[in-house]
Amino acid sequence: MSYPTINPSQRVYDPGNWANKQFNSVSGAEMRIRYGDKRYNAKLSLTYDNIPDEKASEFLAHYSAQYGTYKQFVLPTAVLAGWSGSSYIPDQSVMQFRYAQAPTINSVRPGISTVSVNLLGVV
Amino acid sequence: MSFSSGKDGRLYIDGQVAAKVIDWSISTSVAGLDTTTLGDLDRTNTAGIRTTSGSCQLFYYAVDPNNTSTNSASVLLNKIIKANSSGQGAESEKVLLRLGIVDGSSTEKYIEGLCLITSAAMTMAVGAVLAASISFEFDGAPRSMYL
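Throughout, residues of each chain are indexed from 1 in the direction in which the sequence is written. To label them, take the chains in the order written and letter them from A, then take the ligands in the order written and number them from 1. Totals for whole chains, interfaces and linings use every residue, but because this is a predicted model, local features are given only for residues with pLDDT of at least 70 and side-chain atom pairs only at 80 or more, for both listing and counting. Hydrogens and water molecules were not included; the side-chain quantities draw on all heavy atoms of the structure.

A separate point is the nonpolar core. One finds Tyr3, Tyr48, Phe97 and Leu119 of chain A to be the most contacted residues of the largest nonpolar core, which totals 22 residues. The helix and strand labels rest on DSSP assignments: H or I over at least four residues marks a helix, E over at least two residues marks a strand, and numbering proceeds from the N terminus. Sorting the residues of this core by element identifies strand E4 (43-52), helix H1 (53-65), strand E5 (96-99) and strand E7 (112-122) of chain A as the ones contributing at least two each. Sorting elements by how many residues they give to this core places E4 of chain A first, with four residues. Residue contacts follow a heavy-atom distance rule, with two residues in contact if any of their heavy atoms lie within 4.5 Å. Beyond its immediate chain neighbours, meaning those up to four positions away, phenylalanine 97 of chain A contacts Tyr13, Leu44, Lys71, Gln72, Phe73, Leu75, Ile89, Leu119, Leu120, Gly121 and Val122 of chain A. Counting 18 residues, the second largest nonpolar core, distinct from the first, contains Leu77, Ala132, Ile134 and Phe138 of chain B. By convention a nonpolar core is built from buried Ala, Val, Leu, Ile, Met, Phe, Trp, Tyr and Cys residues, the set being connected through side-chain atoms within 4.5 Å. Each residue's exposure class comes from its accessible area (1.4 Å probe, protein chains only) as a fraction of the maximum for that residue type: buried when under 20%, exposed when over 50%, partly exposed otherwise.

Following this line, the structure appears as structure tokens:
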């Protein structure tokens, strides 16, 4: 089952970082060691405001199909709707995403809900 | 077809025609829920919660001064204002209001529903007749209507 293809109403992206560690000498000079060549720990938060319950339930179904936070998956281009720059979602061969936590569904009125999804980039 | 004016208005309180009504008004609004998504250029929405509310003014006038139930303004005031009894006032009551239009047709036009009185005000002043201003909000959808 693929991730629901719905344009989000809000999107927050944190590109993550490369694994590295900083060391400070007694003099205060800083030295950094990079341990990897891949960026990791990217975070993507998506909010889908006031969507029909049928669409909201697709997120629950997808979450179940991924065994919650266990499996990683590829995101559709719809998550970048409205972004006119080049895609900042890394190629799936470099990074995929998994759920950081279960999607939350806020029932707004009968038949209408708001869904919030927090995803984590997985190398 | 005919025009309607104040002489054609009626207000019923719990099924009884109210006396000495100055005016009534009713308003219905729907809160739009924003469904605009990233990439959209124009705002989109879907219908949210609907609210029907209104107001009316009645002269503080009793057909029988010894019987407050013949004073329509008093009837409404007593629905919301409750005197202290064993420490606190009783809960405000809801009232069945029917706003009618007698337009000359065989069936009166109306909108009727159970209402919560949300405010009541009276001002006593020199040179003015005492009247009550009442605001109300429908409890859910109107029970029935024919407009």
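In this model, asparagine 41 of chain A sits at a positive phi of 65°, which is unusual for a non-glycine residue. Mapped onto the secondary structure, asparagine 41 of chain A falls in the loop between strand E3 (30-40) and E4. The residue aspartate 14 of chain B is not glycine, and still its phi comes out positive at about 50°. A residue is classified by how much of its surface remains accessible, and aspartate 14 of chain B, at 37% relative accessible area, is partly exposed.

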